[in-house]
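Here's the letter readout for the chains.
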Amino acid sequence: MELPALNIKAIVFVHWLLTIFARIFPGWLPDAYYLSNFSVLALGVWAVAQRDSVDAIFMFMVGLLVTIVLDILLLALFYAAAEEATEKTIQRDLFRFSGGMAILSLILKPMSCFFIYHMYLERGGECNISLGFLTVSRDRSAYQTIDHTDTPAEQDKLPSRY
């Protein structure tokens, strides 16, 4: 199964738009949400500008992974209080739209990380993870071929008895 052709510009644009929509209702999310998301989007712009840079796309992917964790924490901490504060006001629907866009952004980030990871591999990045006894690597230089067989003359030769 082949991945659909998805441009990194589209990923950056969608997350930028969703972050702007999450900002429509001011004050319900702390500034850490906007600073982290806009900083990661700046890394995404760097990855777009440097088409061959492995570092740029890797930093963008790691930044998205960090903002996933941060978004979960911030939404869990601030959503309920903001919903309760706007329950009986005229801005209730605006808050729900803003919260929905923040949640949609959070839902789309793992999928974006998946596509960005494949773009990272296409740019020549390697997956090298070392956790002591557990290593994951794409380095195949240590592999031995299994089709190599000894010659029959060497196999049939018995050691001499003196």
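Everything that follows concerns the structure shown earlier in this document.
Residues numbered from 1 in each chain as written. Predicted model: local features only at pLDDT ≥ 70, side-chain atom pairs only at ≥ 80, totals over all residues. Heavy atoms only, no water.

**Digging into helix α1 (residues 8–22)**
Every α-helical turn comprises 3.6 residues, leaving residues that sit three or four positions apart pointing alike. Compared with an ideal rise of 1.5 Å per residue, which puts 15 residues at 21 Å, α1 spans 21 Å between its outermost C-alpha atoms and is within 8% of the ideal. Taken as a whole, α1 has its buried residues at Ile8, Ile11, Val12, His15, Leu18, Thr19 and Ala22. Looking down the long axis of α1, one finds its buried residues gathered within 135° of arc, a one-sided arrangement. (Helix = DSSP H or I, 4+ residues; strand = E, 2+ residues; numbered from the N terminus. Expected span 1.5 Å × (residues − 1). Buried < 20%, exposed > 50% of the residue type's maximum accessible area, 1.4 Å probe, protein only. Arc of directions from axis to C-beta.)

**Re the side chain of Lys109**
With respect to the helices and strands, the residue Lys109 is situated in helix α4 (residues 92–122). By relative accessible area, which is 1% here, Lys109 ends up buried. Setting aside its immediate chain neighbours within four residues, Lys109 contacts His15, Asn37, Leu64, Thr67, Ile68 and Asp71. (Contact = heavy atoms within 4.5 Å.)

**So, the side chain of Ser112**
Here Ser112 shows up in helix α4. Given the relative accessible area of 8%, Ser112 is considered buried. Not counting residues up to four positions away in its chain, the partners in contact with Ser112 are Ile11, His15 and Leu64.

**Some points on empty space enclosed by the protein**
Across all of its chains, the model carries one cavity of 30 Å³ or more by this definition. Volume-wise, the largest cavity comes out at about 30 Å³. In terms of lining residues, the largest cavity is bounded by His15, Thr19, Asn37, Val40, Leu41, Leu64, Thr67 and Lys109. Secondary-structure elements contributing two or more residues to the lining of the largest cavity are α1, α2 (31–49) and α3 (54–85). Broken down by element, the residue count for the lining of the largest cavity peaks at three residues, all from α2. Here the residues of the lining of the largest cavity are counted per class, giving three nonpolar, four polar and one charged. (1 Å grid on protein atoms, 1.4 Å probe; cavity = no way out; pocket = protein on both sides within 12 Å on 5 of 7 lines; lining within 4 Å. Points joined across faces, edges and corners; volume = space filled by probe spheres on them. Nonpolar A, V, L, I, M, F, W, Y, C, P; charged D, E, K, R; others polar.)

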